[in-house]
Amino acid sequence: MRITDDVIAIIFLAPISGFDQVLAEDRSVNRLEDSVLLWKEVCSNKMLAKVDLVLFLNKCDILESKLKSGVRLAKYVRSFGERPNDPDVAQKYFRSKFSAIHREHSPIPRKFYGFCTSVTDTTTTGGIIAAVKDMVLREHLRASKLL
Ligand SMILES: Nc1nc2c(ncn2[C@@H]2O[C@H](COP(=O)(O)OP(=O)(O)OP(=O)(O)O)[C@@H](O)[C@H]2O)c(=O)[nH]1
């Protein structure tokens, strides 16, 4: 992988609705576990150490319908435990799980921007991307003392 100095942030999409699904290309791998492993790899990658990571916990709309239709998250994600099978609780849980991995595996401390998204809702997603762009640029300008 080649990263130029021009790259200041990467948006990582983790489709959290896939907790009860397997990969099409390898049916022995759970989709959520695959995303978690990839997130760990990206966080610990030394070449990306100075790049801000923006996490989109995506397909939240599908997560919501699944949980509301009675699919029990704890059946697939044991560590979810006795928490209520509620979309907001689940999103908070995933956010904190991915954030903890980021803290633990990043070679040097850096900012974490985590959002629950349904990217098919292009209006809301456009707003989130604009806000993220603003935050990341401000942070970099501040760090280089231009702001
Ligand atoms: N409802 C909903 N659909 C989405 C969302 N994000 C992507 N999709 C749809 O999911 C389908 C698969 O897209 P992706 O998940 O991006 O593609 P992929 O990574 O190859 O995923 P799979 O096809 O599920 O293996 C497409 O029809 C997308 O439009 C979302 O947040 N909400």
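Preceding block: the structure.
Residues numbered from 1 in each chain as written. Predicted model: local features only at pLDDT ≥ 70, side-chain atom pairs only at ≥ 80, totals over all residues. Heavy atoms only, no water.

Please set out the overall build of the protein chain residue by residue, giving values where relevant.
A tally of regular secondary structure across the protein chain gives 5 helices and 3 strands. Helices and strands in the protein chain line up, N terminus first, as β-α-β-α-α-α-β-α. Whereas a compact globule of 147 residues would reach a radius of gyration of roughly 15 Å, the protein chain reaches 16 Å, a difference of no more than 12%. Dimensions along the principal axes, computed over C-alpha positions, put the protein chain at roughly 50 × 30 × 30 Å. For the protein chain, the residues scored as buried account for 36% of the 147 residues in total. Counting contacts in the protein chain only where the partners sit at least 6 residues apart, residues at least 24 apart contribute 67% of the total. Surface summary for the protein chain: the accessible area is close to 9000 Å², and the carbon and sulfur share equals 54%. The centroid of the 23 positive side-chain charges in the protein chain is displaced by 4 Å from the centroid of its 18 negative side-chain charges. (Helix = DSSP H or I, 4+ residues; strand = E, 2+ residues; numbered from the N terminus. Rg over C-alpha atoms; globule rule 2.2 N^0.38 Å. Buried < 20%, exposed > 50% of the residue type's maximum accessible area, 1.4 Å probe, protein only. Contact = heavy atoms within 4.5 Å. Areas by Shrake-Rupley, 256 points an atom, 1.4 Å probe, with all protein chains shown as cover. Lys, Arg positive; Asp, Glu negative; His and termini not counted. Charge placed at Lys NZ, Arg CZ, Asp CG, Glu CD.)

Explain the site of the ligand residue by residue, including any values.
Around the ligand sit Arg31, Asn58, Lys59, Asp61, Ile62, Ser118, Val119 and Thr120, and that is every residue in its neighbourhood. Measuring from an oxygen atom of the ligand, one finds a side-chain N or O atom of Arg31 at 2.8 Å. Between the ligand and Thr120 there is a distance of 3.1 Å, counted from a nitrogen atom to a side-chain nitrogen or oxygen. Relative to its free-state accessible area of 620 Å², the ligand is covered by the protein chains to the extent of 43%. Of the residues assigned to the shell around the ligand, the class counts are 2 nonpolar, 3 polar and 3 charged. (Near = heavy atom within 4 Å. Polar contact = N/O pair within 3.5 Å; in protein donor to acceptor, adjacent residues only side chain to side chain. Nonpolar A, V, L, I, M, F, W, Y, C, P; charged D, E, K, R; others polar.)

For the packing of aromatic side chains, give the residues involved together with the corresponding values.
Enumeration over the complete set of coordinates arrives at 7 aromatic pairs. When the centroid spacing of 6.3 Å and the interplanar angle of 70° are considered together, the rings of Trp39 and Phe112 count as edge-to-face. With a gap of 73 residues between them, Trp39 in helix H1 (residues 31-44) and Phe112 in strand E3 (residues 112-116) connect regions that are remote in the sequence. Centre to centre, the rings of Phe80 and Tyr93 are 5.1 Å apart; their planes meet at 85°, and the pair counts as edge-to-face. Of the two residues, Phe80 is situated in the loop between helix H3 (73-76) and helix H4 (87-105) and Tyr93 in helix H4; the sequence distance between them amounts to 13 residues. Side by side, Phe80 and Tyr93 carry an identical accessibility label, which is buried. A network of ring pairs unites the aromatic residues Phe12, Trp39, Phe98 and Phe112 as a single cluster. (Phe/Tyr/Trp six-rings, centres within 6.5 Å; stacked < 30°, edge-to-face > 60°.)

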